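# Observations on chain architecture
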Amino acid sequence: MYFCIRDDDTNFFTAPEDLERVYGEVGPWGPISLAVVPFQRAGTSGAVPEKFRGRWSVHPLHENQPLVDYLRTGIAQGYFEIMLHGYYHDELHDRREFAHGNELAQRIADGRRYLEELLGTTIRVFVPPRNSISRQGLRAVARAGLHLGGTAGVRSGWGPLSPKTWSLWLRLRHWRRGGGVGVPWILDLGDHHEIAGNAVTPTTRIQHNEAIFEKTLTMGGVFCVATHYWEQDAPSLHAGDPSVGEHLRRLIDRAVSEPRIVWRSVGDIVSNHQLVV
Ligand SMILES: [Zn+2]
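Below, the structure is looked at part by part. (Residues numbered from 1 in each chain as written. Predicted model: local features only at pLDDT ≥ 70, side-chain atom pairs only at ≥ 80, totals over all residues. Heavy atoms only, no water.)

## Some details on the coordination of the zinc ion
Ideal geometry at a metal gives 109.5 degrees between four tetrahedral donors and either 90 or 180 degrees between six octahedral ones. The test is simple: Water is absent from the atoms considered, so a metal site may look incomplete; donors are defined as N, O and S atoms within 2.8 Å of the metal, or 3.2 Å for Na, K and Ca. Per the convention used, a helix needs a DSSP run of H or I reaching at least four residues, while a strand needs a run of E reaching at least two, with both numbered from the N terminus. Relative accessible area decides the class of each residue, using a 1.4 Å probe on protein chains only: under 20% of the type maximum gives buried, over 50% gives exposed, and in between gives partly exposed.
Looking at the zinc ion, one finds its protein donor set to be Asp9 (OD), His85 (NE2) and His89 (NE2), positioned 2.0 to 2.1 Å from the metal centre. In primary-sequence terms, the residues that donate to the zinc ion follow D-x75-H-x3-H. Here histidine 85 lies in the loop between β5 (80-84) and α3 (97-100) and aspartate 9 lies in strand β1 (residues 2-10), a separation of 76 residues in the sequence. The exposure classification of aspartate 9 matches that of histidine 85, with both residues buried.

Quick look at the structure:
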């Protein structure tokens, strides 16, 4: 089974210690794929400190030099992969940047070039803010030659005229009707690939993720965690369940103790043609 970790929301307000606290010891085991916001707008994101929330000011990543240095070092050591996580991330009136926005292709091109030059890296994956994307947004992702972190689906952008759309739709429907949980494959939409995230947040249940994990392991599929560094201390909303950090830790412990698991970056896994359906 292929395993990866996607962590969303690194931005101007992120301190190196915030990432180090969660992933400092994990680095030698496998890479962490960070979905980074190039020009964070201080709206309602949980990654924006409370005193800045709702100011709507724009904060470019390069104004946080300690973070830039930390990311560059981590990338050079192979600990971090950088993915593009929107452009501003937050929009007024809680509009979802890549579900409704304008000039999405331009934002992808500019945000990607900015991060690639600032951090000295290559970006292969786009993760939509709030996991929300439109047909227009998805087309912009594919035209940029990027893959999608997350699954758009028929309602959020898969081309209705593409035979790929309907063969995948049928396959997933069949999988779910047979009791399948999660999406244990890389989805090939023709002009891009998509990789589902298994959310590790206060609302998700560890039993559910463990069930997906074990099933995927028996199939030799793909299991990708999707979490937020800023939420690791949060308790679960389900009584008796572990905190977000403990939930993540248990999945990582399981992954590193299992010899059948190959831990790679999101970009490596999503672009692997042998894992697609
Ligand atoms: Zn986000």
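So much for the structure itself; the text now carries on.
## Overview of a nonpolar patch on the surface
Using the following cut-off: The patches described consist of residues with a relative accessible area above 30% and no salt bridge, like charges being joined within 9 Å and nonpolar side chains (Val, Leu, Ile, Met, Phe, Trp, Tyr) within 5 Å. All accessibility values rest on the Shrake-Rupley procedure with a 1.4 Å probe; residue burial counts only the protein chains present in the view. Salt bridge, as used here, is a side-chain nitrogen of Lys or Arg placed within 4 Å of a carboxyl oxygen of Asp or Glu.
On the surface, a cluster of nonpolar side chains totalling about 350 Å² of accessible area is made up of Val154, Trp166, Trp169 and Leu170. Take leucine 170: it is sitting in helix α6 (residues 163-177). When its relative accessible area of 46% is taken as the criterion, leucine 170 is described as partly exposed.

## Concerning the pattern of salt bridges
The full count for this structure, using the stated rule, is 18 salt bridges. Glutamate 81 is paired through a salt bridge with arginine 124; the nearest N and O atoms lie 3.0 Å apart. In this pair, glutamate 81 is assigned in strand β5 and arginine 124 in the loop between α4 (104-119) and β6 (125-126), connecting sequence segments 43 residues apart. Judged by its relative accessible area of 7%, glutamate 81 is buried. With a closest N to O distance of 3.4 Å, glutamate 116 and arginine 112 form a salt bridge. With glutamate 116 and arginine 112 both in helix α4 and four residues apart, the pair spans about one turn of that helix.

## Quick word on the side chain of asparagine 198
To keep things clear, this is the line we draw: By definition in these notes, contact holds between two residues if any of their heavy atoms fall within 4.5 Å.
In this structure, asparagine 198 sits in strand β10 (residues 198-199). With near-sequence residues (within four places) excluded, asparagine 198 lies in contact with Gly182, Asn209, Ile212, Phe223, Cys224, Val225 and Ala226.

## Quick notes on the packing of helix α1 (residues 16-23) against helix α2 (residues 65-76)
As a reminder, the rule being used: Lines fitted to C-alpha atoms define the axes here, with helix axes fitted over just the stretch in contact, and angles between the N-to-C directions of these axes take values from 0 to 180 degrees. All residues other than Ala, Val, Leu, Ile, Met, Phe, Trp, Tyr, Cys, Pro, Asp, Glu, Lys and Arg, Gly among them, are scored as polar; the first ten of these are nonpolar and the last four charged.
Where α1 meets α2, the axes come as close as 9 Å, and the angle between the chain directions of the two elements is 35 degrees. In contact with Pro16, Leu19 and Glu20 of α1, α2 contributes Pro66, Leu67, Tyr70 and Leu71. Residues that form the contact of α1 with α2 fall into these classes: six nonpolar, no polar and one charged.

## Thoughts on the side chain of threonine 201
Test applied: Identification of polar contacts relies on pairs of N or O atoms within 3.5 Å, with a donor-acceptor requirement for protein atoms, meaning one able to donate a hydrogen and the other able to accept it, and with residues adjacent in sequence counted only if both atoms are side-chain atoms.
Among the secondary structure elements, threonine 201 is positioned in the loop between β10 and α7 (206-219). Within the structure, the side chain of threonine 201 is placed 3.0 Å from the side chain of threonine 203, a separation counted as a polar contact. Apart from the residues within four sequence positions on either side, threonine 201 is in contact with His228, Glu231 and Val244.

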